[in-house]
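Residues per chain are reported as follows:
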Amino acid sequence: MKYPLLAANWKMNMTRDQARTFCRDLTAKLDPASLSHVLIAPPYTAIETVASCLSGSVRIAAQNCHFAPNGAFTGEISTGMLIDLGVNAVIIGHSERRHVFHESQDLVTHRLRGVVESGLHAIYCVGETLEERESGRTFDVLEAQLEPLPNLGSALDKVTLAYEPVWAIGTGKVASVEQIAEVHGRLKERFSSLAVLYGGSVKSDNIRSIASLSSVDGALIGGASLKVDEFLAIIRETLIVKGV
Ligand code: PGA
């Protein structure tokens, strides 16, 4: 991965036609050096379209995957299937998977291990709920979510962390620069070799102050990554702030 990294998480949005139009606009408006700092995580159904439109200029991620190579797992997708589509990375442990689909830490750990063992890169999401933050448990929760990392051994270099406070995702409530600095600082102390992205209501009008933190290596962007001009503005601001 190339940092700063601006990662678009499209979630359950974008038909193939919409994805094609987005990718055409993105590549027309951004130079190749800047595109190398971009990652797009389309829904599974648009991965092949995005991969063929971007032809290697941008990294591509899936939004989740199963840990087994194949088998009786209805509705799941394996790492081998993703590699076959030209995927480079997988988002694992996103808060919507943990909280809306009730993926346990145990399941998330299996998925993480499956991804890095397949040779794919993992964007591993951690973050506390509002209730956990308000009851002073933020770092206990993060610590429990980080537990699988030391056991990955040398495959740890295939992990990028994403700090995404659950209360800031899709809510318009961005964490303060102090809150982001505190958590990112702690994550960097714990895993000095890992890059850490921030995610949670990132937009073109708040990215400058977030990206100016030295402990922020980029952003994971949901809603604001669906409109190409807004996403472009976020990319450009970040690259300027980071001096790229
Ligand atoms: P958001 O989503 O930017 O819409 O808050 C971020 C994410 O879920 O990764």
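Every value quoted in this text rests on a predicted model; they were computed, and no experiment measured them.

1. Considering the overall build of the chain
- Of the regular secondary structure elements, the chain holds 11 helices and 8 strands.
- On C-alpha atoms alone, the chain measures out to a radius of gyration of 17 Å, which is about the 18 Å that the 2.2 N^0.38 rule sets for 244 residues.
- If one aligns the C-alpha atoms of the chain with their principal axes, the spans along those axes are about 45 × 45 × 30 Å.
- In the chain, buried positions account for 52% of the 244 residues.
- Within the chain, counting contacts between residues at least 6 apart in sequence, those at least 24 apart form 70% of the total.
- Carbon and sulfur atoms make up 51% of the accessible area of the chain, which totals about 10,800 Å².
- Computing the positive centroid from 23 side-chain charges and the negative centroid from 27, the chain places the two 4 Å apart.

2. Some thoughts on the side chain of Ser95
- Note on placement: Ser95 falls in helix α5 (residues 95-100).
- Ignoring anything within four residues of it in the chain, the contact list for Ser95 reads Val100, Val166 and Ile169.

3. Describing the layout of surface pockets
- Approximately 460 Å³ is the volume found for the largest pocket.
- Taken together, the residues of the lining of the largest pocket break down into 8 nonpolar, 6 polar and 5 charged.
- By volume, the second largest pocket is sized at about 210 Å³.
- Lining the second largest pocket are 20 residues, with Lys11, Gly170, Ser201, Gly222 and Gly223 sitting closest to its centre.
- Within the lining of the second largest pocket, the residues separate by chemical class into 7 nonpolar, 10 polar and 3 charged.

4. Here's the deal with the site of the ligand
- As a matter of local geometry, the ligand sits amid 13 residues, with Lys11, His94, Glu164, Gly170 and Ser201 nearest to it.
- Here Gly170 contributes a backbone N or O atom positioned 2.6 Å from an oxygen atom of the ligand.
- Within the backbone of Gly223, one N or O atom sits 2.9 Å away from an oxygen atom of the ligand.
- Using a 2 Å cut-off from the grid points, one finds that the ligand occupies the second largest pocket.

5. Some points on the sheet that holds strand β2 (residues 38-41)
- The strand order around the closed barrel built from 8 strands is β1-β2-β3-β4-β5-β6-β7-β8, with neighbouring strands paired in parallel fashion. If you compare each strand with its neighbour and ignore which way they point, the axes differ by 25° on average.
- The sheet contact formed by strand β7 (residues 196-199) and strand β8 (residues 218-221) spans 2 bridges and is parallel. The residue of β8 that forms the bridge with Tyr198 is Ala219.

Analysis parameters
- Residues numbered from 1 in each chain as written.
- Predicted model: local features only at pLDDT ≥ 70, side-chain atom pairs only at ≥ 80, totals over all residues.
- Heavy atoms only, no water.
- Helix = DSSP H or I, 4+ residues; strand = E, 2+ residues; numbered from the N terminus.
- Rg over C-alpha atoms; globule rule 2.2 N^0.38 Å.
- Buried < 20%, exposed > 50% of the residue type's maximum accessible area, 1.4 Å probe, protein only.
- Contact = heavy atoms within 4.5 Å.
- Areas by Shrake-Rupley, 256 points an atom, 1.4 Å probe, with all protein chains shown as cover.
- Lys, Arg positive; Asp, Glu negative; His and termini not counted.
- Charge placed at Lys NZ, Arg CZ, Asp CG, Glu CD.
- 1 Å grid on protein atoms, 1.4 Å probe; cavity = no way out; pocket = protein on both sides within 12 Å on 5 of 7 lines; lining within 4 Å.
- Points joined across faces, edges and corners; volume = space filled by probe spheres on them.
- Nonpolar A, V, L, I, M, F, W, Y, C, P; charged D, E, K, R; others polar.
- Near = heavy atom within 4 Å.
- Polar contact = N/O pair within 3.5 Å; in protein donor to acceptor, adjacent residues only side chain to side chain.
- Sits in = over half its atoms within 2 Å of the grid points.
- Pairing = 2+ DSSP bridges.
- Axes fitted to C-alpha atoms, helices over the stretch in contact; angles between N-to-C directions.

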